[in-house]
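Secondary and tertiary structure notes
Residues per chain are reported as follows:
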Amino acid sequence: MTPDELKAQVGRAALEYLVDGAVVGVGTGSTVNHFIDALATVRQRVAGAVSSSVASTTRLRAAGIEVLEADQVERIPVYIDGADEIDGHGFMIKGGGAALTREKIVADLADRFVCIADQSKQVAVLGRFPLPVEVIPMAVAQVVRRFARLGGQAVQRGRVVTDNGNAIVDVSGLAIRDPLAMETEINQWPGVVTVGIFARHKAQICLLGTPEGVKTLRF
Ligand code: 5RP
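Anyway, here's the lowdown on the structure attached to this text. (Residues numbered from 1 in each chain as written. Predicted model: local features only at pLDDT ≥ 70, side-chain atom pairs only at ≥ 80, totals over all residues. Heavy atoms only, no water.)

Opposite charge on two side chains permits them to pair, given that their charged atoms come into close proximity. Going through the model one piece at a time under the given rule, you end up with eight salt bridges. Linking Asp-37 and Arg-59 is a salt bridge whose minimum nitrogen-to-oxygen distance equals 3.0 Å. With a gap of 22 residues between them, Asp-37 in helix 2 (residues 30-40) and Arg-59 in helix 3 (residues 54-62) connect regions that are remote in the sequence. In this structure Asp-37 comes out as partly exposed when scored by relative accessible area, which is 38%. Judged by its relative accessible area of 32%, Arg-59 is partly exposed. In this structure, Asp-111 engages Arg-75 in a salt bridge whose closest nitrogen and oxygen atoms are separated by 3.0 Å. (Salt bridge = Lys/Arg side-chain N within 4 Å of Asp/Glu carboxyl O. Helix = DSSP H or I, 4+ residues; strand = E, 2+ residues; numbered from the N terminus. Buried < 20%, exposed > 50% of the residue type's maximum accessible area, 1.4 Å probe, protein only.)

Now the structure itself:
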């Protein structure tokens, strides 16, 4: 099976976690695109979606699914999103698609985070994938220097501008052995909008795509 077929498999499997009649939280990325395509086939089951990016909003609307603003809902039962890495506790690195801030906002509304990923995303220790961080443009150089003091090499992601008008830096060379502590620390730095460590908003369930079928991990 190709990586895309593995992603399609978990995108379809996530339908099982929808709560009938409720609003669903929808993440961003190629795996989520498969979920949106699957959701389109059962769209009458949900009251709508809260989206984590302009790209997902466009795809949801094209599929005939109503998109609500985050401030129109108080809680949602489930948030479905991909990950760049996920460890054995459900802690994740996210932000490969530059949507990490809105992803964390929607995840914060949800009772349950269901991660959908192909098996290449499973790791023992987070940090092989360069850690994305959304940064206010005037603070980029400062934040890059702070990461260097932690032993990380941070580089700005080209001319990428997030949906919130900010820059992304990607940090390699970090072994994230204590994701909760590192998330808390980096979030304090002036100019950091969101760090792509999802430990405080970890997954409760991961549907992992493998050639043998979908593996369900619970954390
Ligand atoms: C976007 C994300 C995505 O969930 C992550 O990059 C995984 O993407 P894909 O499903 O395309 O592999 O965090 O900001």
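The next point concerns the side chain of Asp-170. Within the secondary structure, Asp-170 is located in strand 10 (residues 167-172). Of note is the side chain of Asp-170, whose polar atom sits 2.8 Å from the side chain of Arg-157. (Polar contact = N/O pair within 3.5 Å; in protein donor to acceptor, adjacent residues only side chain to side chain.)

We now examine the sheet that holds strand 7 (residues 110-118). In sheet architecture, strand pairing relies on hydrogen bonds along the backbone and comes in two forms, parallel and antiparallel. Taking strand neighbours across the sheet as the criterion, the seven strands line up as 3-2-1-4-7-13-14 in an open arrangement whose pairing is mixed. Edge positions in the sheet fall to strand 3 (67-68) and strand 14 (213-218), since each has one partner strand and no second. Two elements, strand 4 (residues 76-81) and strand 7, share five bridges in a ladder whose sense is parallel. What sits directly across from Val-78, in strand 7, is Arg-112. The sheet contacts of helix 1 (residues 3-13) involve strand 7, strand 13 (205-210) and strand 14, and relative to strand 13 the element is tilted by about 140°. (Pairing = 2+ DSSP bridges. Contact = heavy atoms within 4.5 Å. Axes fitted to C-alpha atoms, helices over the stretch in contact; angles between N-to-C directions.)

A few words on the packing of aromatic side chains. All chains considered together, the criterion is met by two aromatic pairs. Pairing Tyr-79 with Phe-113 gives two aromatic rings, centres 5.0 Å apart and planes at 85°, and the pair type is edge-to-face. In this pair, Tyr-79 sits in strand 4 while Phe-113 sits in strand 7, placing the two residues 34 residues apart along the sequence. The pair formed by Tyr-79 and Phe-113 is uniform in burial state, with each residue classed as buried. Between Phe-147 and Trp-189, the ring centres sit 4.8 Å apart and the planes meet at 65°, which makes this aromatic pair edge-to-face. Separated by 42 residues along the polypeptide, Phe-147 in helix 5 (residues 140-149) and Trp-189 in the loop between helix 6 (179-187) and strand 11 (192-195) bring together distant segments of the chain. In this pair, the class of Phe-147 matches that of Trp-189, namely buried. The ring centre of Phe-198 lies 5.5 Å from the NZ or CZ of Lys-94, which sits over that ring. (Phe/Tyr/Trp six-rings, centres within 6.5 Å; stacked < 30°, edge-to-face > 60°. Lys NZ or Arg CZ within 6 Å of the ring centre and 35° of its normal.)

A volume near 220 Å³ is recorded for the largest pocket. For the largest pocket, the lining is made up of 14 residues, of which Ser-51, Leu-68, Glu-69, Ala-70 and Arg-102 are closest to its centre. Secondary-structure elements contributing two or more residues to the lining of the largest pocket are strand 2 (48-51), helix 3, strand 3 and helix 4 (100-109). Split into classes, the residues belonging to the lining of the largest pocket amount to seven nonpolar, four polar and three charged. Its volume calculated, the second largest pocket comes out at about 160 Å³. Thr-28, Gly-29, Ser-30, Ala-83 and Asp-84 are, among the 14 residues lining the second largest pocket, the residues nearest its centre. (1 Å grid on protein atoms, 1.4 Å probe; cavity = no way out; pocket = protein on both sides within 12 Å on 5 of 7 lines; lining within 4 Å. Points joined across faces, edges and corners; volume = space filled by probe spheres on them. Nonpolar A, V, L, I, M, F, W, Y, C, P; charged D, E, K, R; others polar.)

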